[in-house]
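# Remarks on the overall topology
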Amino acid sequence: MQRPGTGPWILDHWDADGSKSFCSNGSRAALAIPGAPEGTLVEALSNGERILLRRDHRGVGIRLPEGETFGLRPVPMSTDLPAAFGWIGNPQLVLRVPSVAAVDLPAFAPPLRHHPAIPGGTNVNVVEVVAPGEAGIRSWERGVEGETLCCGTGCAVAAAWLARTEGPSEWRLHTAGGEDVSVTLVPEAGGGWHDLWLSGPVRRLGVAQPDPSLRPSPRP
């Protein structure tokens, strides 16, 4: 992350396979690193997407991208389960299941993640509503090519869909990592949203020192 001049902070995120992708949790985590910007609200561009970061009682919140190109879209393939598809800076497929714990995600997710109807593939999330405004979720992320403890953008799209199908506009999501995240939003006609905030705990786990050989050589 860096701040060129007086403009918004610039964040770049790389997935495990080396590809660049917008990441909401990576953006939230930026406020926990040494030298992070101070203040309650921080404007940023994260992999080109305009976001707002907020320190709050839940930890760190992110207002996710909004506008004409963001929102729920028609599901591009037929599924046996209720499903939604959305673009939130990256693609998210969400399927509602009776039990997230019972899903064999390594077998279930890859055919959908690589489905030919979605060029470039998609993240795959399964969600289980356990109470009004409360759901469990598990996510299989492209670029990682495996299940992750929490996909923030997947949680956000899942909550946006559930807000339309179930009613509440605030959702608490139980993630595979064992920590909850909360999502609030104002749904818009046509599948869009505004003021979509994802909030959850952020803490520093350690400090990494890059090997000197990885640093660029000074220019002559």
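Our subject is the structure listed above.
Residues numbered from 1 in each chain as written. Predicted model: local features only at pLDDT ≥ 70, side-chain atom pairs only at ≥ 80, totals over all residues. Heavy atoms only, no water.

Below, the discussion takes up the environment of Arg164. Among the structural elements, Arg164 can be located in helix 3 (residues 152-166). For the pair Arg164 and Thr79, spaced 85 residues apart in the sequence, the C-alpha separation amounts to 19 Å. For Arg164, the contacting residues outside a window of four places in its chain are Leu72, Pro187, Glu188, Ala189, Gly191 and Gly192. (Helix = DSSP H or I, 4+ residues; strand = E, 2+ residues; numbered from the N terminus. Contact = heavy atoms within 4.5 Å.)

What follows deals with the pattern of salt bridges. A full pass over the atoms with the stated rule returns 9 salt bridges. A salt bridge links Arg58 to Glu170; the shortest N-O distance between them is 3.3 Å. Remark: Glu170 occurs in strand 11 (residues 170-174) and Arg58 occurs in the loop between strand 3 (49-56) and strand 4 (59-63); sequence separation between them is 112 residues. Residue Glu170 is classed as partly exposed on the basis of its relative accessible area, which comes to 42%. As a salt-bridge pair, Asp180 and Arg172 come within 3.3 Å of each other at their nearest N and O atoms. For Arg172, a relative accessible area of 39% puts it in the partly exposed group. (Salt bridge = Lys/Arg side-chain N within 4 Å of Asp/Glu carboxyl O. Buried < 20%, exposed > 50% of the residue type's maximum accessible area, 1.4 Å probe, protein only.)

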